[in-house]
Amino acid sequence: MKSEVHFSETTSKLCNAVRKAVKPALRLKKFKARVDRTTEVLKNRFADNLSKEQEQFLKNTAKLLMEPGKGILSADDSVRQLDMKLKAINLEPWEQHRRRYNEMLLSMGMQVNYYLSGVLMKEDVVTQKAYRGKRLTAMLKEANIKLGIRADKGLVPIAGTANEWTSTGYDGLEDACKRFKDLGAVFTLWRCVYTIGPHTPSRLALVENSNTLARYAVVSQRVGLVPIVSPEMHLADDHSQQTAQHVLRDILSNLVIALYHHQVYMEGVIIRITAAMPGRKCPKSCLFTSVGEGTLKIVNECIPPAIGGIMLASLGDLNRSIEVLDEMNKCPIKKPTLISFCFSHVIQDGVDKIWMGQDRNVLRAHDVLIARAKSCSVASMGQCQEQNCSMFISNISRY
C-alpha cells in the first residue's frame, strides 16, 4: 500500500515537472506565432514604396544637390513675370524674346558649376529651344548642372478658411513626373504658402498643406525624382519674430509627421524653409544674427538628422538672404544637415536691365549672375567675411 502511494506521488511530481517544462515552450511558440501574424499584418498595411536600389539612388542624388558650397537657382518665372521683365526693358512680350532671356540666364557655362548644383524651371520652359536653336537642357548638361522642374500648378483657396491657400496639381502628378524624368530632370519642387495672422495658419491649413506636400513627395520618389518640399511663410504682414518662430515650428512639425505617415524616404527628400523673420509691417526690428539663430533652433527641434537636406528660400533681397544664410551656418547650434540655398529673384533681379536684349551685354550679365551665385555659395558655408551687425531688418519693401 505504501509503495502504491509513493508511486502515485512520484508520478504526480513527474507530471508537474513535465508540465512546467512544456508550458513555457508552448507560450513561446504561441508568442512567436502572434509576432509573425503581426509582422504579416504590418507588411500588408505598410507596403514598401521603394526598393533598396531606388532609395540609394535618391540618397545619392540628394547628396549631389546638397554638395557643400552649392545651391539651386530657381528660374521658374511664369509667362506673366517674364513679360513684365521684358516690358521693363522696352522689349515686346513675344515668345522669341522670352527664349532669348532664358538663353541668357542659363548659358553661363562651367564657371557657375562651382556655385550651383541645380536649376529649377517650369515644364513649358524645359521643352523650349533657345533662340539660337540649342535646347536649354543641353546647356545645363554641358555645365554639369542638374535639372529640376516645378511640379505644382499654382495656389487655390482652401474652403472654410480666412484667405488661406493650398497648391493644386496632384491629379496626373505621377504621369507628369515621368515626363519630367524623360526630359532629364532629377528633382522636382512643390510649393505651399502659409499666411501669418491673428488666427492663421489654421489647423485645417496646416494639415491640408502638410498632407499635400507629403503626397507629392511619395509620388516623386516613386518615379525616381528627389522631391523638394517647400512650405513657405508669407512675410508681408505685421507679425513679430516670435510669432514667425511659433508658426514655423507648427509648419515643420506637422510636415515631418505627414512625411512619416506617408512613408516618405527621409534621406531622399529636401525641405526648403523660410526664415522666421518679422513681417515687413512690424514696427520692431531685429538683427540677422537673431533671425538665423532662432530659425536654426526650430529647424533643429523639428527636422530629423536623416533628412536629405535643408535649403533656405529667398527673403526678397539678396543681401538679406545672404546675411541670414551666413548666420545660420555660422551659428554653433548643431544642425541636422547642411543648410544651402534655393534662391530665385534675388539672384536674377536687375540682370535684365544689364542685358537690355543686346547680345553684347550677355557677358556683363553673366558676370553679375556668377558673382551673386558665388556670394550665396560663400554664405552657405558660413564664410562671409564682411560682418555688419548693425544692419537691421525693418521696412522690408517686398517679398
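Bear in mind that the values here come from a model prediction, so they are computed numbers and not experimental data. (Residues numbered from 1 in each chain as written. Predicted model: local features only at pLDDT ≥ 70, side-chain atom pairs only at ≥ 80, totals over all residues. Heavy atoms only, no water.)

Looking at this structure, I do not really get the pattern of salt bridges. What am I missing?
Side-chain pairs of opposite charge can arise whenever the charged atoms involved come near each other. Applying the stated criterion across every chain, the model contains 15 salt bridges. The shortest N-O distance in the salt bridge between Arg100 and Asp359 comes to 3.5 Å. One end of the pair, Arg100, is in helix H4 (residues 95-106); the other, Asp359, is in the loop between helix H13 (351-355) and helix H14 (362-380), with 259 residues separating them in the sequence. For Asp359, a relative accessible area of 45% gives the class partly exposed. With a closest N to O distance of 3.5 Å, Arg222 and Glu174 form a salt bridge. Of the two residues, Arg222 sits in helix H8 (residues 203-223) while Glu174 sits in helix H7 (residues 173-182), which places them 48 residues apart along the sequence. Arg222 gets classed as partly exposed once you look at its relative accessible area, which sits at 36%. A network of salt bridges, in which partner residues are shared, links Asp76, Arg150 and Asp152. (Salt bridge = Lys/Arg side-chain N within 4 Å of Asp/Glu carboxyl O. Helix = DSSP H or I, 4+ residues; strand = E, 2+ residues; numbered from the N terminus. Buried < 20%, exposed > 50% of the residue type's maximum accessible area, 1.4 Å probe, protein only.)

It is not clear to me how the packing of aromatic side chains should be interpreted in this structure. Could you clarify?
The relative placement of two aromatic rings is captured by the distance of their centres and the angle of their planes. Taken as a whole and judged by the stated rule, the model has 4 aromatic pairs. Taking 6.3 Å as the distance between ring centres and 55 degrees as the angle between the ring planes, the aromatic pair formed by Tyr114 and Tyr115 counts as tilted. The exposed category is assigned to Tyr114, whose relative accessible area is 61%. (Phe/Tyr/Trp six-rings, centres within 6.5 Å; stacked < 30°, edge-to-face > 60°.)

In this structure, what is going on with the sheet that holds strand E3 (residues 146-150)? I would like to understand it.
Where strands meet in a sheet, backbone hydrogen bonds hold them as pairs that are either parallel or antiparallel. Reading around the circumference, E1-E2-E3-E6-E7-E8-E10-E11 is the order of the 8 strands in this closed barrel, with parallel pairing throughout. On average, each strand axis in the sheet is tilted by 25 degrees relative to the strand beside it, whichever way the strands run. Where strand E6 (residues 185-195) meets strand E7 (residues 226-234), 9 bridges bridge the pair, whose relative direction is parallel. Bridge pairing in E7 places Arg191 opposite Ser230. Lying on the sheet, helix H11 (residues 318-330) is in contact with strand E8 (270-273), strand E10 (309-313) and strand E11 (339-343); it crosses E11 at an angle near 165 degrees. Seen against the sheet, H14 touches strand E2 (116-121) and E11 and runs at an angle of roughly 155 degrees to E11. (Pairing = 2+ DSSP bridges. Axes fitted to C-alpha atoms, helices over the stretch in contact; angles between N-to-C directions. Contact = heavy atoms within 4.5 Å.)

By themselves, these figures tell us nothing about what the structure is for.
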